[in-house]
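One letter stands for each residue in the lines below.
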Amino acid sequence: MTSIEICNVTKSYTAGKIEKIVLDNCNMVIQSGEITGLIGRSGSGKSTLSRLLMRLEKPASGMIKFDQTPISQLDKKQYYNEIHIVFQNATASLNPSWTIRKVFEEVLIMKKEKWGSHHLAMLKKMNLSSNILDVYPSQLSGGEKQRINLLRALFMNPSVLICDEIVSNLDRINQKELISLLLEIQKNTKMTILFISHDIDIVKAICSSIFELDEGKLKRLI
Ligand SMILES: Nc1ncnc2c1ncn2[C@@H]1O[C@H](COP(=O)(O)OP(=O)(O)OP(=O)(O)O)[C@@H](O)[C@H]1O
Ligand SMILES: [Mg+2]
């Protein structure tokens, strides 16, 4: 079980001559084995924070710690065995020229695993038929693509999972289904989850603590 600490993190972007501070001295703890919620208006910096957590970008100041060690000091390959993200854009996250089988196989090769009954059972749990394995992303609905992205992340068996607005583009029924699956998986694995959303009702329903980003400031709501 793994906790993450965001310590005095600041991040800004420059557009033309104007500097915009997106994250202003932010502090947050993502508690081990819990689902932590992060809400905030569009453009408030939620995905920016997730990119910093994924080491896709660096903070201007401050640091992020993973089990007390600054993530900048961790071996990147090892770090990516521990932490995974499901990105906001389900379509952009899938290679359009790959079948879904290839999408999953890429992960299994990395994990040195072979496709087996355990993976098929997880596919079924996600309400995905095995027929989808031989189709391309363009042949799938948004909800199916997002379930595939989530499943790919779960096949990595990370100790920490970042879900960046994974249900925002889905209808209510699909949202409910995906969230109950996520809750079941979290209950079984005790995975540490950062659940990013702008839907306060969903976040309230599933998260044990909630943070809000507003005007660069990160504050704890619950
Ligand atoms: N690479 C970049 N260069 C310049 N500005 C950026 C860059 N990435 C993000 N921004 C700006 O930073 C701010 C925060 O963006 P971010 O994507 O983190 O918001 P968000 O809270 O995830 O929004 P949404 O809810 O719409 O996904 C926005 O004003 C955005 O325009
Ligand atoms: Mg975002």
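Residues numbered from 1 in each chain as written. Chains lettered and ligands numbered in written order. Predicted model: local features only at pLDDT ≥ 70, side-chain atom pairs only at ≥ 80, totals over all residues. Heavy atoms only, no water.

### Digging into the coordination of the magnesium ion (ligand 2)
Right, so step 1: Coordination of the magnesium ion (ligand 2) by the protein involves Ser 47 (OG) and Gln 88 (OE1), with metal-donor separations of 2.0 to 2.4 Å. Taken together, the positions of Ser 47 in helix H1 (residues 46-53) and Gln 88 in the loop between strand E6 (83-86) and helix H3 (100-110) put the pair 41 residues apart, joining distant regions of the chain. (Donors = N, O, S within 2.8 Å, 3.2 Å for Na, K, Ca; no water. Helix = DSSP H or I, 4+ residues; strand = E, 2+ residues; numbered from the N terminus.)

### Details of the sheet that holds strand E1 (residues 4-15)
Right, so step 1: Taken in spatial order, the 4 strands make up an open sheet running E2-E1-E4-E5, and their pairing is antiparallel. In this open sheet, the two edge strands, each paired with only one partner strand, are strand E2 (18-30) and strand E5 (69-70).
Right, so step 2: Note that strand E4 (residues 61-66) and E5 share 2 bridges and pair antiparallel. Counterpart to Lys 65 in the pairing with E5 is Pro 70.
Right, so step 3: In the packing of H1 onto the sheet, the strands contacted are E1, E2 and E4, and the crossing angle to E1 comes to about 120°. (Pairing = 2+ DSSP bridges. Contact = heavy atoms within 4.5 Å. Axes fitted to C-alpha atoms, helices over the stretch in contact; angles between N-to-C directions.)

### Some thoughts on the pairing of strand E3 (residues 35-40)
Right, so step 1: The buried fraction of E3 is high, at 6 of 6 residues.
Right, so step 2: Where burial is concerned, the two faces of E3 agree: the one with Ile 35, Gly 37 and Ile 39 and the one with Thr 36, Leu 38 and Gly 40 are both buried.
Right, so step 3: Both E3 and strand E8 (residues 192-196) contribute to a ladder of 4 bridges, which runs parallel. Bridge assignment links Thr 36 to a residue of E8, and that residue is Leu 194.
Right, so step 4: Examined bridge by bridge, E3 and strand E9 (residues 209-214) share 5 bridges and lie parallel to one another. Paired with Ile 39 across the bridge in E9 is Glu 212. (Buried < 20%, exposed > 50% of the residue type's maximum accessible area, 1.4 Å probe, protein only.)

### Overview of unusual backbone geometry
Right, so step 1: The backbone of Asn 25 shows a phi angle near 55°, a positive value even though the residue is not glycine.
Right, so step 2: Take Asn 25: it is sitting in strand E2.
Right, so step 3: Even without glycine at this site, Asp 67 takes up a positive phi of about 50°.
Right, so step 4: Mapped onto the elements, Asp 67 comes out in the loop between E4 and E5.
Right, so step 5: The class for Asp 67 is partly exposed, based on a relative accessible area of 36%.

### Concerning the side chain of Gln 175
Right, so step 1: Summarising the element assignment, Gln 175 is placed in helix H6 (residues 172-189).
Right, so step 2: Separated by 3.4 Å, the side chain of Gln 175 and the backbone oxygen of Leu 170 make a polar contact.
Right, so step 3: Setting aside chain neighbours within four positions, we find Gln 175 in contact with Val 167, Leu 170 and Ile 202. (Polar contact = N/O pair within 3.5 Å; in protein donor to acceptor, adjacent residues only side chain to side chain.)

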